[in-house]
Amino acid sequence: MNDRPRNRTDESLIALRRILRATELYSRNLAQASGLTPAQLRVLQLLATSGGSATPKELAQTMGVAQATVTALVDKIVSRGMATRMRSEADRRQTNVVLEPAGREAVKAAPDALQQRYVCAFEQLKDWEQAQLLASLERVAAMLNADDMDAAPVLTTGDIKGVGRPS
């Protein structure tokens, strides 16, 4: 057995790498299973939980991203027949994104989302544990000069629009 104390710096880097690898592997598994990126799946999930229809603005607000980002995501899922765009009956200037049966099936068939596992585990923590973990994660982001980066609550690597990813 090694009597040297563990190097906390190395241990912290290993933990970060494990998080990155888990995110990468999930993205790869999702792409193989459904051809979707995590962000595209999230749009489909939001449509499914909002009665099958939402405006791009609503989707962008819920995901915490720019409307242009949602437009790119919706373009991909519309091109695959998983959703359609329809003019709103209430306001002809507005367009709704409507979930199609293929999109509903993709949501059902997708592997368990990594972020859903995280959310379930995080929400089971006591309030003080959540606050401590959040503070630690925010501190890590600041240490990496990433605390001001625009980010959505979607665990994925690379550009959230899915550029260079399966469509």
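Reading the values: the criteria
- Counting from 1, residues in each chain are numbered in the order their sequence is written.
- Per-residue local features of the predicted model are confined to residues with pLDDT of at least 70, and side-chain atom pairs are confined, for both listing and counting, to 80 or more; whole-chain, interface and lining totals are unaffected and use all residues.
- By convention in this description, side-chain values take in all heavy atoms of the structure and omit both hydrogens and water.
- Each helix is a run of H or I in the DSSP string that is no shorter than four residues. Each strand is a run of E no shorter than two, and both are numbered from the N terminus.
- For every residue, the accessible area (1.4 Å probe, protein chains only) is compared with the maximum for its type, and the residue is labelled buried under 20%, exposed over 50%, or partly exposed between those bounds.
- Note on definitions: a residue-residue contact is assigned when non-hydrogen atoms from the two residues lie within 4.5 Å.
- Computed with the Shrake-Rupley method and a 1.4 Å probe, the accessible areas treat only the protein chains shown as cover for residues.
- Exposure above 30% relative accessible area and the lack of any salt bridge qualify a residue for a patch; like charges then connect within 9 Å, and the nonpolar side chains Val, Leu, Ile, Met, Phe, Trp and Tyr within 5 Å.
- By salt bridge we mean one thing: a side-chain nitrogen of Lys or Arg within 4 Å of a carboxyl oxygen of Asp or Glu.
- In this scheme, strands are said to pair when DSSP sees at least two bridges between them.
- For helices, the fitted line uses only the C-alpha atoms of the stretch in contact; every axis is such a line through C-alpha atoms, and the angle between N-to-C directions lies from 0 to 180 degrees.
- The sense of a crossing depends on the near helix, which, turned anticlockwise from the far helix by less than a right angle, makes the crossing left-handed and, turned clockwise, makes it right-handed.

Q: Account for the overall build of the protein chain, naming residues and giving values.
A: Each helix and strand in the protein chain was counted, giving seven helices and three strands. If you list the helices and strands of the protein chain from N to C, you get α-α-β-α-α-β-β-α-α-α. Scored against the burial criterion, the 167 residues of the protein chain give a buried share of 29%. By sequence separation, contacts in the protein chain at least 24 residues apart represent 59% of the contacts at least 6 residues apart. In the structure as shown, the protein chain presents an accessible area of about 11,100 Å², 53% of it carried by carbon and sulfur atoms.

Q: Summarise a nonpolar patch on the surface; cite the residues concerned and give the values.
A: A cluster of nonpolar residues, L13, L16, I19, M143 and L144, forms a patch on the protein surface that exposes about 510 Å² of accessible area. Ranked by residues supplied to the nonpolar patch, first place goes to helix α1 (residues 8-34) with three residues. If you trace the backbone, M143 turns up in helix α7 (residues 127-143). Its relative accessible area of 61% is what places M143 among the exposed residues.

Q: Could you give an account of the pattern of salt bridges, naming the residues involved and the relevant values?
A: Applying the stated criterion across every chain yields a total of four salt bridges. E24 serves as the salt-bridge partner of R21, at 3.3 Å between the closest nitrogen and oxygen. Of this pair, R21 and E24 are both found in helix α1, three residues apart, which corresponds to roughly one turn of the helix. Overall, E24 belongs to the partly exposed group, its relative accessible area being 27%. In this structure, D75 engages R85 in a salt bridge whose closest nitrogen and oxygen atoms are separated by 2.6 Å. In this pair, D75 sits in helix α4 (residues 67-79) while R85 sits in strand β2 (residues 83-87), placing the two residues ten residues apart along the sequence. Through salt bridges with shared partners, a single ionic network connects R21, E24 and R28.

Q: For the sheet that holds strand β3 (residues 95-99), give the residues involved together with the corresponding values.
A: The pairing of strands in a sheet happens through backbone hydrogen bonds and is either parallel or antiparallel. Read across the open sheet, the three strands follow the order β1-β3-β2; overall the sheet is antiparallel. One side of each edge strand has no neighbouring strand; the edge strands of this open sheet are β1 (53-54) and β2. Sheet topology note: the β1/β3 ladder contains two bridges and is antiparallel. By the bridge assignment, A54 is partnered in β3 with V97. Strands in contact with helix α2 (residues 38-49) are β1, β2 and β3; relative to β3, the strand with the most contacts, it is inclined by about 95 degrees.

Q: Break down the packing of α2 against helix α3 (residues 56-63) for me, citing the residues and quoting the values.
A: At their nearest, the axes of α2 and α3 sit 11 Å apart, and the two run at 115 degrees to each other. For α2 against α3, the interelement crossing comes out right-handed. Touching A39, R42, V43, L46 and L47 of α2 are L59, T62 and M63, all from α3.

So yeah, pure geometry; function would need other evidence.
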